[in-house]
Amino acid sequence: MFSSWRKTTNLLNLQKQVKGIMNAISGHHFGTDGKTEKHTVCVEGNIGSGKTTLLEYFSTYPYTEVTKEPVEKWRNIKGMNALEYMYKDASRWGLTFQTYVQLTMLQIHTQPQVKRVKMMERSIYSAKYCFVENLYQSGKMPEIEYTVLTEWFDFLLKTQDIKVDLIVYLKTKPETDLRRIKERCRPEEKQIPLEYLETLHNLHEDWLIKKKFPLPAPVLVLNGEYEKEEMIKEYESYTPHILRGPA
Ligand SMILES: Nc1ncnc2c1ncn2[C@@H]1O[C@H](COP(=O)(O)OP(=O)(O)O)[C@@H](O)[C@H]1O
Ligand SMILES: Nc1nc2c(ncn2[C@H]2C[C@H](O)[C@@H](COP(=O)(O)O)O2)c(=O)[nH]1
């Protein structure tokens, strides 16, 4: 009886937090003294799950500022394509690439926030708990490299302001992701096998649903399987305040 009471209380708290943050996105005021608080929302999901497309939709709202993943930085470091290096030889370039991902994501987390809600594509957390974890568990990253990256990650979390108020998890099937990656046909991703996407899917589930790694914020799960037009209804059903704008 007690455990079900606890579950209900937790659910009510989560719903209140999510509603509050979604109100912020629509421009509602926050805080007891009516001051506007600022919030950060990280959109997480597998490769090709539709994160960029979701962010493009929300970038039209006056109270949101959207920052996409710095993929173009990873593809051009003084003319060198770290993303391509990583896909071609993850054992050789995994540490180099993940070190740069960690730096560029930290820069986004800590950049000055102008509007009420900052929506980010992925985070320093998924880089560590999903991608670095995959390199380590698959034997492509030796223990010493994993340990060095982890000590850097732990230090940054202790010393930097990496606040996240909500995680939106765009949940898709690996088969759907693969089909969309092929549609997008980014040159570096041509050889991505379904098995890689299945492993990444499981690591996202381990973190965001099974909580095998610490969660910095509540998780709102959206079904990313719908086609684009349907997805707008999915956004609306979960964020009615965003679409109505401020009262
Ligand atoms: N709901 C959807 N239905 C069909 N195609 C989609 C959908 N969302 C995104 N796409 C397409 O799939 C590809 C990957 O989408 P994208 O938003 O770039 O995913 P991500 O940023 O998660 O990698 C793009 O070509 C995009 O146009
Ligand atoms: N090895 C890693 N690859 C990463 C990481 N973050 C993103 N990526 C790759 C996956 C895609 O090929 C590309 C962009 O991701 P999308 O999901 O937006 O398509 O970058 C990472 O931390 N490690």
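Since we're looking at a predicted model, the values are computed, not measured.

Rules behind the numbers
Residues numbered from 1 in each chain as written. Chains lettered and ligands numbered in written order. Predicted model: local features only at pLDDT ≥ 70, side-chain atom pairs only at ≥ 80, totals over all residues. Heavy atoms only, no water. Helix = DSSP H or I, 4+ residues; strand = E, 2+ residues; numbered from the N terminus. Expected span 1.5 Å × (residues − 1). Buried < 20%, exposed > 50% of the residue type's maximum accessible area, 1.4 Å probe, protein only. Axes fitted to C-alpha atoms, helices over the stretch in contact; angles between N-to-C directions. Parallel < 35°, antiparallel > 145°, perpendicular 65-115°, else oblique. Contact = heavy atoms within 4.5 Å. Nonpolar A, V, L, I, M, F, W, Y, C, P; charged D, E, K, R; others polar. Phe/Tyr/Trp six-rings, centres within 6.5 Å; stacked < 30°, edge-to-face > 60°. Polar contact = N/O pair within 3.5 Å; in protein donor to acceptor, adjacent residues only side chain to side chain. UniProt positions renumbered as here; feature names shortened; annotations may be inferred. Disulfide = S-S within 2.5 Å. Near = heavy atom within 4 Å. Areas by Shrake-Rupley, 256 points an atom, 1.4 Å probe, with all protein chains shown as cover.

A. Examining helix 5 (residues 90–110) more closely. Taking 1.5 Å of rise per residue, the 21 residues of helix 5 would be expected to cover 30 Å, and the 28 Å separating its terminal C-alpha atoms lies within 8% of that figure. If you check which residues of helix 5 are buried, you get A90, G94, F97, Q98, V101, Q102, T104, M105, L106, I108 and H109.

B. The arrangement of the packing of helix 5 against helix 7 (residues 143–159) in detail. Viewed as axis vectors pointing N to C, helix 5 and helix 7 meet at an angle of 5°, and their least axial separation amounts to 11 Å. Considering their axes alone, helix 5 and helix 7 lie roughly parallel with respect to each other. For the pair formed by helix 5 and helix 7, the contact residues are L95, Q98, T99, Q102 and L106 on the first element and E145, L149, W152, F153 and L156 on the second. Grouping the amino acids of the contact of helix 5 with helix 7 by side-chain chemistry returns six nonpolar, three polar and one charged.

C. Focus on the packing of aromatic side chains. Counting across every chain of the model gives 15 aromatic pairs. Ring geometry for Y129 versus F153: centroids 5.5 Å apart, planes at 75°, classification edge-to-face. Highlighted residues: Y129 in helix 6 (residues 124–137) and F153 in helix 7, separated in sequence by 24 residues. Look at W152 and F155: their rings are 6.4 Å apart centre to centre, the planes differ by 80°, and that puts the pair in the edge-to-face class. Taken together, the residues W152 and F155, both in helix 7 and three residues apart, mark about one turn of the helix.

D. Representation of the side chain of N81. With respect to the element layout, N81 can be found in the loop between helix 3 (71–75) and helix 4 (82–88). For N81, a relative accessible area of 13% gives the class buried. One polar contact links the side chain of N81 to the main-chain amide nitrogen of L83, over a distance of 3.1 Å.

E. Here's a closer look at the UniProt feature "active site" (unreviewed entry) in the chain. UniProt feature "active site" (unreviewed entry): in the numbering of this structure it lies at E121. Positionally, E121 belongs in strand 3 (residues 117–121). In contact with E121, not counting residues within four places along its chain, are V43, K51, T52, L55, T67, K68, E69 and M105. Of note is the side chain of E121, whose polar atom sits 2.9 Å from the side chain of T52.

F. Up close: the state of the cysteines. Inspection of every chain in the model, using the stated rule, returns zero disulfides. C130 carries a free sulfur, and the closest cysteine sulfur to it, the one in C42, is 12 Å from it. Of the residues examined, C130 reaches a relative accessible area of 0% and is grouped as buried.

G. Region of the structure containing the site of ligand 2. Inspection of the region around ligand 2 gives 18 residues, with K51, E69, Y87, Q98 and E189 positioned closest. In the environment of ligand 2, a nitrogen atom lies 2.5 Å from a nitrogen or oxygen atom belonging to the side chain of Q98. Interatomic distance of 2.9 Å between a side-chain N/O atom of R122 and an oxygen atom of ligand 2. Starting from 490 Å² of accessible surface for ligand 2 in isolation, the protein chains cover 99%. If you list the elements that add at least two residues to the shell around ligand 2, you get helix 3, helix 4, helix 5 and helix 6.

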